[in-house]
Every structure is written in C-alpha cells, then in structure tokens.
Amino acid sequence: MSDLPSTAQVVIIGGGVGGCSIAYHLTLMGWKDVVVLERHELTAGSTWHSAGLVGQLRSDANLTRMMYYSTDLYRRLKDETGIDTGWREVGGLRLASSPERMEDLKRLVGMARSFGMPMEMLTPKEAWELFPIMSLDGVLGAAYTPTDGVIDPTGLTNALAAGAKSRGARFFTETNVEAINLKDGRVHEVVTNRGKIKTEIVVNAAGQWGGEVGKMVGLFLPVVPMAHLYIITKPIEGVK
Ligand SMILES: Cc1cc2nc3c(=O)[nH]c(=O)nc-3n(C[C@H](O)[C@H](O)[C@H](O)COP(=O)(O)OP(=O)(O)OC[C@H]3O[C@@H](n4cnc5c(N)ncnc54)[C@H](O)[C@@H]3O)c2cc1C
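Residues numbered from 1 in each chain as written. Predicted model: local features only at pLDDT ≥ 70, side-chain atom pairs only at ≥ 80, totals over all residues. Heavy atoms only, no water.

1. Topic: the pattern of salt bridges
- A complete count under the given rule lists 11 salt bridges for this structure.
- We note a salt bridge from Asp33 to Arg170, for which the minimum N-O separation is 2.9 Å. Within this pair, whereas Asp33 is found in the loop between α1 (17-28) and β2 (34-37), its partner Arg170 is found in strand β8 (residues 170-172), the two being separated by 137 residues in sequence.
- Overall, the relative accessible area of 25% leaves Asp33 in the partly exposed class.
- You can call Arg170 partly exposed: its relative accessible area is 33%.
- Between Lys125 and Glu129 there is a salt bridge, and its shortest N-O distance comes to 2.7 Å. On the criterion of helical spacing, the pair formed by Lys125 and Glu129 is a turn pair, its members being four residues apart in helix α5 (residues 124-130).
- Judged by relative accessible area, which is 48%, Glu129 ranks as partly exposed.
- Through salt bridges that share partners, Asp72, Arg75, Arg76 and Glu89 make up one connected network. (Salt bridge = Lys/Arg side-chain N within 4 Å of Asp/Glu carboxyl O. Helix = DSSP H or I, 4+ residues; strand = E, 2+ residues; numbered from the N terminus. Buried < 20%, exposed > 50% of the residue type's maximum accessible area, 1.4 Å probe, protein only.)

Here's what the structure looks like:
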C-alpha cells in the first residue's frame, strides 16, 4: 500500500459514489492534487446496497437537472474509462393516484421539458402498455421518462474512480479519518490511522457517517440513516 502524501489541495472523505464523483469532476475541472480517503474499500457504504435505479424526475429543478446530466455521463463513461457501468436506458414511469399528485407530475414534466429533458404524460392505459404487470386500480396517469435507466452502482463508482485516477487523483482505502485539526478556525490537517495530510479543503462525502465527520470540526449535521428496502425477482414474463 503506497504512503499517504503529507499535503493535498483537497481531501475527500468517503469512497462511495459521492466521493468518487466529486474526485472525477474536480479533476475534470483541472484539479490535480486530489486525495480520496476510504476507511474500507470503495463502495463499502450505502453505494454497495443501492438498487441502481436512475429516475431523473425530482421535486426540485436543480436536482432534476443534475440527474439529466448524470444520464448523459452514464452513456459515455464506459467508452471513456473502459469500465462497464452496466447502464441500461429502459425508461421510467411515475404514477399518480390522486388529483394532487397528477397536478404535481404535470408541473414537474413542464419544468423538466423547459431544459430539454424528454418527458411526457401518459394515460393509465398507455402506462400499462409499457409495464403490463401493474394494476391500474386508482391510477390516474403517469409521467414517462424514456431516458431513465438502471446502473450497476459498483461499476459506476469504479468507473468514476478510474476517470479521476487517469487525471491524477489518488485513492487510499483502509484509511480511516479519525480527526480534522483546525488552525485559526480553518481546516488545517486530516488525521488518519495511516498518518496526517495537511490540506485547506476537506469534502465530507461520508454519506450516513457524515455527522461523525461534521463533529470532528464541531459541526452538527442532521444526517439520519433510514432503512430502505427493495426486492430482487427472477425474470418476469412481459418485463424486460
Ligand atoms: C437498499 C438501498 C437501495 C438504494 N437504491 C437506490 C436506487 O435505486 N437509486 C439511487 O439513486 N439510490 C439508491 N440508494 C441510495 C444510494 O445508495 C446512496 O444515496 C448513495 O450510495 C450514497 O453514496 P455516498 O457516496 O454519499 O455514501 P456511501 O456509499 O455510504 O459512502 C460513504 C463512504 O464513506 C466512508 N467513510 C465514512 N466515514 C469515514 C471516515 N471517518 N474515514 C474514511 N471513510 C469514511 C464509508 O466507509 C463509505 O464507504 C439506495 C440505498 C440503499 C441502502
């Protein structure tokens, strides 16, 4: 395992999809001296558990725009890095089963279209034709995004890390951040089980452990882990 550097322009804490994406994009912007610290292996946190569903329609315009950008990135990441992200653009449906939800979907579709995202409102029957195993009971309509999809979260994280590494970022796994030292009220040094790194910028990408990292500099971050479930089925006839 290579030695930690004694200094870095930025230290990113957390090697999940968030930390690796930040490293990817900082290096894309020309940052060279980027260090990512992960206490286990890349993807060891929530990322490993993710179902990998990528639905772009969000309640907020900025989040929707970010998701729109993400799908564009997912389309080209394999060619760029040589790592298969398993991206499949299968399309996504959001159902409305109340008049209020229907109004909300129409508003969101209008917002998404205003910056060029392909989206349309479907009747219940049109939605059913796309996903024939669903029950139409109570369904008033649906928003359809043909460019939604599904991705392998581990493949995605490794591809983002590979892109960042190819532009000079350094990744250190089995490296636990134990403290962050301040000097004159500013970040000065990150203390790990493998040594210290002087830096002026720390990015907290520790996901559900973000609160612990916040405490290291006296900040209270209201991060609360929530249980999240999904099921994996055998192939179902009529569903691709
Ligand atoms: C069951 C489940 C299903 C999900 N399905 C979806 C889905 O379909 N679509 C979707 O978009 N999202 C889904 N999510 C959410 C998604 O997985 C998370 O939003 C995402 O993975 C968070 O990534 P992250 O990088 O912020 O956090 P994490 O992946 O948790 O990464 C944080 C990393 O920080 C490291 N770390 C913490 N503290 C320290 C420290 N002191 N020093 C060094 N390293 C540290 C941890 O080891 C961890 O690897 C799902 C989540 C779960 C649990």
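Next comes the rest of the account.
2. Points about the site of the ligand
- Around the ligand, 27 residues are found, and the nearest of them are Gly18, Glu38, Ser46, Thr47 and Leu53.
- With respect to the ligand, the backbone of Val17 contributes an N or O atom lying 3.3 Å from an oxygen atom.
- At the level of elements, α1 and α2 (46-49) are the ones that each hand at least two residues to the shell around the ligand.
- Per-element tally for the shell around the ligand: the top contributor is α2, with three residues.
- Split into classes, the residues belonging to the shell around the ligand amount to 10 nonpolar, 15 polar and two charged. (Near = heavy atom within 4 Å. Polar contact = N/O pair within 3.5 Å; in protein donor to acceptor, adjacent residues only side chain to side chain. Nonpolar A, V, L, I, M, F, W, Y, C, P; charged D, E, K, R; others polar.)

3. Points about unusual backbone geometry
- The backbone of Thr43 shows a phi angle near 75 degrees, a positive value even though the residue is not glycine.
- Within the secondary structure, Thr43 is located in the loop between β2 and α2.
- Overall, Thr43 belongs to the buried group, its relative accessible area being 5%.

4. Considerations on the environment of Leu136
- Position of Leu136 relative to the elements: it lies in the loop between α5 and β6 (141-145).
- Sequence-wise, Leu136 and Pro124 are 12 residues apart; in three dimensions their C-alpha atoms are separated by 6.6 Å.
- Discounting residues that sit within four places of it in the chain, Leu136 has contacts with Pro124 and Trp128. (Contact = heavy atoms within 4.5 Å.)

5. So, the packing of α1 against helix α6 (residues 153-166)
- In contact at an axis separation of 8 Å, α1 and α6 are set at 30 degrees when each is read in the N-to-C sense. The angle between the axes of α1 and α6 places the two elements in the roughly parallel class. The handedness of the crossing between α1 and α6 is left-handed. Side by side, α1 and α6 meet where Val17, Cys20, Ser21, Ala23, Tyr24 and Thr27 of the first sit next to Leu156, Thr157, Leu160, Ala161, Gly163 and Ala164 of the second.
- When the residues that make up the contact of α1 with α6 are grouped by side-chain class, the tally is eight nonpolar, four polar and no charged. (Axes fitted to C-alpha atoms, helices over the stretch in contact; angles between N-to-C directions. Parallel < 35°, antiparallel > 145°, perpendicular 65-115°, else oblique. Left-handed = near helix turned anticlockwise from the far one by under 90°.)

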